[in-house]
Amino acid sequence: MLKVYNTLTKNLEEFKPIKEKKVSFYHCGPTVYWVQHIGNMRGMTLADLIRRSLVYLGNDVTFVRNYTDVGHLTGDNIGDADSGEDRMEKASKRENLDPQTIAKKYIDSFEAHTSALNILEPDHKPVASNYIEQMQELIKKLIKEGFAYETDKAVYFEVSKFPKYTELSGQVLEKNRVGEGKGDVNDTDKRSPHDFALWFFKTGAHKNALQYWPSPFTSNEVENGEGIPGWHIECSAMAGELLGKTIDFHMGGVEHISIHHTNEIAQSESANGVKFVNYWLHNEHLLIDGKKMSKSEGTAYILDDLIDKGFDPIVLRYFFLNAHYRSKQNFTWEALQGANLSYKRLKKQVNQLQNTKEKGEIAQLYKERFVQALENDFNIPEALALLWELIKSEIKDADKLETIKDFDRVLGLNLLDNTKVEINPEAQELIEKRQLARKLGNWTESDELRDRLKEEFAVVIEDTPEGQRVVS
């Protein structure tokens with residue numbers, strides 16, 4: 001019986017899918033205006049572990065992770081998502097590139113990093129700017145049903161019309177600052193500071209917007225209702241279009257609870273008249289040396305910073321496995337080095353097990369305990385500890401190997417990828433280059449490197465469903 005902690009109810013609950021053995025899962029993806037730091041990549045890895053766990057437990061999972069390429073304003077950093085500059089426009093000015101080029105650049109960067117961390121590809125990867133029509137349809141519904149209203153500056157959701165607005169966050173709105181929520185729009189026709197924008201017209205703070213679309217909404221200051229969507233309406237539209245009006249899981253960082261996810265619930269349920277999400281999952285933050293990650297202090301590390309120091313990205317994944325998704329995790333270079341040593345030791349022992357010629361079977365007692373760990377709110381640290389217990393156990397090597405292979409379907413550590421065997425450093429470099437070439441689909445280069453390894457170093461490579469491995 002799978003039990004998950006639901007942020008909405010603040011309780012550990014038995015998971016009951018909408019459709020038996022079929023799970024709909026929406027994960028808030030990145031705003032693609034910059035390279036994602038390792039704190040963001042922790043969130044992506046944790047969602048991947050939960051998705052893998054659900055599949056391992058026998059579910060058919062449809063997993064959606066979006067890209068935001070418009071409408072996410074810088075004011076979100078101070079708790080007001082309706083204020084500030086569009087992040088994509090800010091990046092465009094910074095790099096002197098148009099928003100579409102910026103989006104592609106940072107989507108490519110993000111996907112290279114998720115691949116390096118062995119994060120599975122989503123079933124759907126919607127880009128917000130491709131769903132403008134669906135967003136406008138949702139907004140039209142909200143206006144028609146009396147939950148939204150138009151001014152000359154924007155279309156707003158009227159928070160007072162949704163009594164359950166603070167159910168997810170537990171906030172008391174009256175204690176928030178007077179005027180918070182008006183942001184850069186400076187709209188005197190906004191009925192309450194708590195109301196949030198569904199659509200910004202191309203006027204006021206957004207007069208010179210680089211991206212904009214015509215709309216059916218009315219402003220005396222803008223022809224054809226031209227403007228951009230608010231950040232929150234985007235996820236409601238994409239989730240609804242791809243997964244349905246009610247979905248099983250929605251996941252994101254804890255920073256999204258009070259504004260983004262709260263607003264998603266309000267607009268989705270008001271427009272559709274049904275519950276939006278049955279189970280809300282939120283991962284905690286990654287700290288750096290015990291403090292919040294900071295660009296100004298030079299601690300907003302990205303994956304390339306780790307690679308430059310000689311760490312394989314999979315070591316960062318191993319590091320992430322050591323803390324529960326609802327717990328904060330503290331990153332230090334010393335802790336990463338510890339994870340590196342542990343991972344190398346684990347790989348070495350698994351490589352030795354692969355020398356067995358026997359056919360093994362999955363050790364059912366260990367599998368049962370592994371399942372129990374996953375069913376306890378996706379307790380990955382407990383599952384990892386069980387893997388080490390298995391390695392040290394007295395069961396025969398062939399059974400260990402089959403069980404490790406089974407567990408790695410969830411852990412995603414590439415434990416049966418035998419490329420890290422201690423061999424000639426030059427050969428090892430070619431092996432790693434070939435592994436990257438395969439990830440990027442450069443098959444000609446991959447074949448050339450395989451031939452070089454055999455001819456120059458007598459290293460024979462075999463390609464398996466789990467990846468390339470050194471045969472001899």
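Coordinates for the structure precede this section.
Since the structure is predicted, the reported quantities are computational estimates derived from the model, not experimental observations.

The rules behind these values
Residues numbered from 1 in each chain as written. Predicted model: local features only at pLDDT ≥ 70, side-chain atom pairs only at ≥ 80, totals over all residues. Heavy atoms only, no water. Helix = DSSP H or I, 4+ residues; strand = E, 2+ residues; numbered from the N terminus. Rg over C-alpha atoms; globule rule 2.2 N^0.38 Å. Buried < 20%, exposed > 50% of the residue type's maximum accessible area, 1.4 Å probe, protein only. Contact = heavy atoms within 4.5 Å. Areas by Shrake-Rupley, 256 points an atom, 1.4 Å probe, with all protein chains shown as cover. Pairing = 2+ DSSP bridges. Axes fitted to C-alpha atoms, helices over the stretch in contact; angles between N-to-C directions. Salt bridge = Lys/Arg side-chain N within 4 Å of Asp/Glu carboxyl O. Core = buried A, V, L, I, M, F, W, Y, C linked by side-chain atoms within 4.5 Å.

## What to know about the overall build of the chain
Phase 1: Each helix and strand in the chain was counted, giving 14 helices and 15 strands.
Phase 2: Rg of the C-alpha trace for the chain: 24 Å, near the compact-globule value of 23 Å for 472 residues, within the 12% margin.
Phase 3: In terms of principal-axis extent, the alpha carbons of the chain reach across some 75 × 50 × 40 Å.
Phase 4: Considering the chain as a whole, with its 472 residues, one finds that 55% of them fall into the buried category.
Phase 5: Restricting to contacts in the chain with at least 6 residues of sequence separation, those with at least 24 account for 74%.
Phase 6: Element-wise, carbon and sulfur atoms account for 47% of the exposed surface of the chain, whose accessible area totals about 21300 Å².

## Observations regarding the sheet that holds strand E11 (residues 286-288)
Phase 1: The three strands lie next to each other as E12-E11-E13, forming an open sheet whose pairing is mixed. On the outer flanks of this sheet lie strand E12 (291-292) and strand E13 (329-331), each paired with one strand and no other.
Phase 2: Relative to the sheet, helix H1 (residues 38-56) contacts E11 and E13, its axis offset from that of E11 by approximately 150 degrees.
Phase 3: Across the sheet, helix H8 (residues 313-320) lies against E11 and E13, angled at about 145 degrees from E13, the strand it touches most.

## What about the environment of lysine 19?
Phase 1: Relative to the helices and strands, lysine 19 is located in the loop between strand E2 (11-14) and strand E3 (22-27).
Phase 2: The exposure class of lysine 19 is exposed, given its relative accessible area of 57%.
Phase 3: Once the C-alpha coordinates of lysine 19 and glutamine 435 are considered, the two residues, 416 residues apart in sequence, prove to be 39 Å apart.

## Some words on the pattern of salt bridges
Phase 1: A complete count under the given rule lists 27 salt bridges for this structure.
Phase 2: A salt bridge links glutamate 389 to arginine 369; its shortest N-O distance comes to 2.8 Å. Of this pair, glutamate 389 sits in helix H11 (residues 380-392) while arginine 369 sits in helix H10 (residues 364-375), and the two are 20 residues apart along the sequence.
Phase 3: Overall, arginine 369 belongs to the partly exposed group, its relative accessible area being 36%.
Phase 4: By sharing partners, the salt bridges in this structure join Asp48, Arg52 and Arg317 into a single network.

## A short note on the nonpolar core
Phase 1: Counting 79 residues, the largest nonpolar core has Leu316 and Phe331 as the members making the most contacts within it.
Phase 2: Considering each element in turn, this core owes the most residues, nine residues, to H1.
Phase 3: Not counting residues up to four positions away in its chain, the partners in contact with leucine 316 are Ile38, Leu117, Leu303, Leu306, Phe331 and Leu336.
Phase 4: Within the second largest apolar cluster, 40 residues are counted, among which are Val64, Met135, Leu173 and Ala237.

Shape descriptors only; they carry no functional weight alone.
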